[in-house]
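Given next are the chains, with one letter for each unit.
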Amino acid sequence: MNNKIVIGIFVAVIVFVGFLLLRKSSQKAVNFATFTSVQLATRLKQKDFFFANVHIPYEGEIENTDVFIPYDKIVDNLNKLPTNKNTKIVLYCRSGRMSEIAARELAQLGYTQVAHLSGGMIYWEKNGY
């Protein structure tokens, strides 16, 4: 094989790998927890977190909810959340999809202790709560 072709392929591979590594390092890790209904029920007994319903449209709430914020407006309503980004925050919705989206958004904004209810109010009710 011609040396120029080998060198060209080698350089292309190096550039491609470098691009992938740079892209991965620029993506911020998004960490949030997922609670089951049983875990949330246990934590609600000694509630030490900010509890938000993010389901739209509003269809009711779990007892001890602190606030209702539409999941797709969470960024526009940061003033309704604790100012300390290390405060524990638990989000829920009807099925878990909207709360997961909102939890990811808050984690990307630097909130460090965000969780959401897996299965939402549907699983909450199915489990007898």
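Everything that follows concerns the structure shown earlier in this document.
Residues numbered from 1 in each chain as written. Predicted model: local features only at pLDDT ≥ 70, side-chain atom pairs only at ≥ 80, totals over all residues. Heavy atoms only, no water.

Chemist: Could you give an account of the pairing of strand β2 (residues 50–53), with specific residues and numbers?
Modeler: Both faces of β2 are covered, namely the face carrying Phe 50 and Ala 52 and the face carrying Phe 51 and Asn 53. Strand direction decides the pairing type here: β2 and strand β3 (residues 67–68), joined by two bridges, are parallel. Note on β3: the bridge partner recorded for Asn 53 is Phe 68. (Buried < 20%, exposed > 50% of the residue type's maximum accessible area, 1.4 Å probe, protein only. Helix = DSSP H or I, 4+ residues; strand = E, 2+ residues; numbered from the N terminus. Pairing = 2+ DSSP bridges.)

Chemist: Kindly report on the nonpolar core, identifying the contributing residues and their values.
Modeler: Among soluble globular proteins, nonpolar side chains are generally buried collectively. If you look at the biggest cluster of nonpolar residues, it comprises 17 residues, and the most contacted ones within it are Val 54, Ile 74, Leu 81, Leu 91 and Leu 106. Going through the elements one at a time, β2, β4 (89–92) and α3 (97–108) are the ones with two or more residues in this core. For this core, the leading source of residues is α3, giving four residues. The residues contacting Leu 81, other than those within four sequence positions of it, are Phe 50, Ile 69, Ile 74, Leu 106 and Tyr 111. By size, the runner-up hydrophobic cluster in this structure holds 13 residues, among which are Phe 35, Ala 41, Phe 51 and Ile 62. (Core = buried A, V, L, I, M, F, W, Y, C linked by side-chain atoms within 4.5 Å. Contact = heavy atoms within 4.5 Å.)

Chemist: Explain the sheet that holds strand β5 (residues 114–117) to me, using residue names and the numbers behind them.
Modeler: If you trace the five strands from one edge of the open sheet to the other, you get β1-β5-β4-β2-β3, paired in parallel fashion. This sheet does not close on itself; its edge strands, each paired only once, are β1 (33–35) and β3. Two elements, β2 and β4, share four bridges in a ladder whose sense is parallel. Note on β4: the bridge partner recorded for Phe 51 is Val 90. Along the sheet, helix α2 (residues 37–45) contacts β1, β2, β4 and β5; its crossing angle with β1, the most-contacted strand, is approximately 90 degrees. (Axes fitted to C-alpha atoms, helices over the stretch in contact; angles between N-to-C directions.)

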